[in-house]
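Fold and geometry: a report
Here is how the chains run, residue by residue.
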Amino acid sequence: AVCDGSQKMVAGDLTSASDLYSLSIVLWEMLTGARPGLTQSGRGHVSGVLKSLLEADERQREVEQVSEQSQGVQDTSGLVEVLQRCLQGDPEERYRTGDELAAALELCLNEDARRLLNDRTTKWKQIVRRWPQTAIVVTTLIPNLIMAVFNFLYNQGEIRQSFPDGEETFLKIQSYINVVAFSVGIASSFWLIRTVTKATCQEGGQCSAAQRVRLRSQCLQLGNTAAIVSTVLWLAAGPVYPVALHLLKGDVPVSIYQHFVASLSLCGLIVAAYPFFGVSLIAVRGLYPALVGTDSLSPEELPALRKLSSWTWFHLILAAAVPMAAVLILAVAGLNRRWALIILAIAGSIGVLNTTAAFRLLQKDIQTLTGLIRRADGSGR
């Protein structure tokens, strides 16, 4: 028993959390020059001090004293936050193992990694961690809706010019196809991302370390999932429009077939980059850290990071090249819809600026995570 026998505690109750508590006291003294939060418990006979420290109210006062002391410490490394967690009165709120504490202290030496993995205060990150599926689906949906409006107006002009008798039928087909396409897209997105997002909500707590490694690798591919779902549906809709017109209205000019397949394919390629970058930022900055927790990152995650890096380059090129190619095609074809050229040119320029900014953020985050893994693995490669 501890102290005078009045406390119902045995030696077996002293775990690694107790050792970490003792270590954190030493570290706190080295940092601040004072013992952490000691009030009246810091004076008197040793048995009285220990007995006082075991009382819940006194332990809470000690935690509050540590918080007050930390306000006078100039710290931008996150060390104070780490030590405050070590000094929590409830052992369950401390780091569970020395490896977890070592990983947290390692982050204190890497400001970029700490901001990426330990940020629990940024509002948008809190939102996406609470509703990850909704955040991903909405981020995917918005650029597709904008492109759908543009595509509708553009194709309506083409129908009026080349197949005026089919305009009314086109409007009906447009409504049905959009309802089906967006419903399928939303449902498939929820289904494809469900495993990662469910684990994110639980912060990986119900998964083994090996499972969390796999989930983090899958998390890095969420942007690609969003881009693929979007592109596939646009490509599929291309031939559906003229076929539906043919079935409902009779013979349809070959030019209409060509027009719909080409225009919807281009729209699908244009819109692919925006869900990719938006969802990838959500995944890397919002969801990935929740799946890391206090784990040490594994070298097994390097291939997924390299793959994400390669895909960011691909989508950046896609975002820059496809809108400009579409403008060139429309101009060469001599179509009498200058407004479409202007919109594509302006939207393409804005899109390139936005995707370039997102590309730089993602590349920086990938480099930060890669460097963290290599240092933990003792590899300079």
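As the structure is a prediction and not an experimental result, all values here were calculated from the model.

What follows concerns the pattern of salt bridges. If you walk through the whole model with that rule in mind, you get 5 salt bridges. One salt bridge in this structure joins K125 and D119, with 3.2 Å as the shortest N-O distance. K125 gets classed as buried once you look at its relative accessible area, which sits at 7%.

The contact between helix α11 (residues 222-249) and helix α12 (residues 254-292) brings their axes to 6 Å, and the two run at 160 degrees. The orientation of α11 with respect to α12, classified from their angle, is roughly antiparallel. As α11 runs across α12, the sense of the crossing is right-handed. Considered class by class, the residues forming the contact of α11 with α12 number 25 nonpolar, 9 polar and no charged.

It is worth spelling out the packing of aromatic side chains at this point. The tally for this structure, following the rule as stated, stands at 8 aromatic pairs. A centroid spacing of 5.2 Å and a plane angle of 90 degrees characterise the contact between W311 and F314, whose relative ring orientation is edge-to-face. Linking W311 with F314, this pair stays in helix α13 (residues 302-333), spanning 3 residues, or about one helical turn. Of the residues examined, W311 reaches a relative accessible area of 32% and is grouped as partly exposed. Ring geometry for W313 versus F359: centroids 4.7 Å apart, planes at 70 degrees, classification edge-to-face. With W313 in helix α13 and F359 in helix α14 (residues 338-377), this pair connects stretches of sequence that are 46 residues apart. The structure contains a cluster of three or more aromatic residues connected by ring pairs, namely F152, F170, Y241 and F260.

Turning next to the confidence of the model for the protein chain. Put simply, the protein chain has an average pLDDT of 81, and 80% of its residues get 70 or more. Summarising per-element confidence for the protein chain, the mean pLDDT is lowest in helix α2 (residues 46-54) (53) and highest in α11 (93). Scored below 50 in pLDDT, residues 39-44 makes 12 contacts in the model with residues more than four places away or belonging to other chains.

We now examine a nonpolar patch on the surface. A cluster of nonpolar side chains, contributed by V149, L153, W339 and I343, occupies part of the molecular surface with about 340 Å² of accessible area. Counting residues per element, the ones that place at least two in the nonpolar patch are α8 (132-162) and α14. When you line up the elements, W339 lands in helix α14.

Parameters and conventions
Residues numbered from 1 in each chain as written. Predicted model: local features only at pLDDT ≥ 70, side-chain atom pairs only at ≥ 80, totals over all residues. Heavy atoms only, no water. Salt bridge = Lys/Arg side-chain N within 4 Å of Asp/Glu carboxyl O. Buried < 20%, exposed > 50% of the residue type's maximum accessible area, 1.4 Å probe, protein only. Axes fitted to C-alpha atoms, helices over the stretch in contact; angles between N-to-C directions. Helix = DSSP H or I, 4+ residues; strand = E, 2+ residues; numbered from the N terminus. Parallel < 35°, antiparallel > 145°, perpendicular 65-115°, else oblique. Left-handed = near helix turned anticlockwise from the far one by under 90°. Nonpolar A, V, L, I, M, F, W, Y, C, P; charged D, E, K, R; others polar. Phe/Tyr/Trp six-rings, centres within 6.5 Å; stacked < 30°, edge-to-face > 60°. pLDDT = per-residue confidence, 0-100. Contact = heavy atoms within 4.5 Å. Patch = residues over 30% accessible without salt bridge, like charges linked within 9 Å, V, L, I, M, F, W, Y side chains within 5 Å. Areas by Shrake-Rupley, 256 points an atom, 1.4 Å probe, with all protein chains shown as cover.

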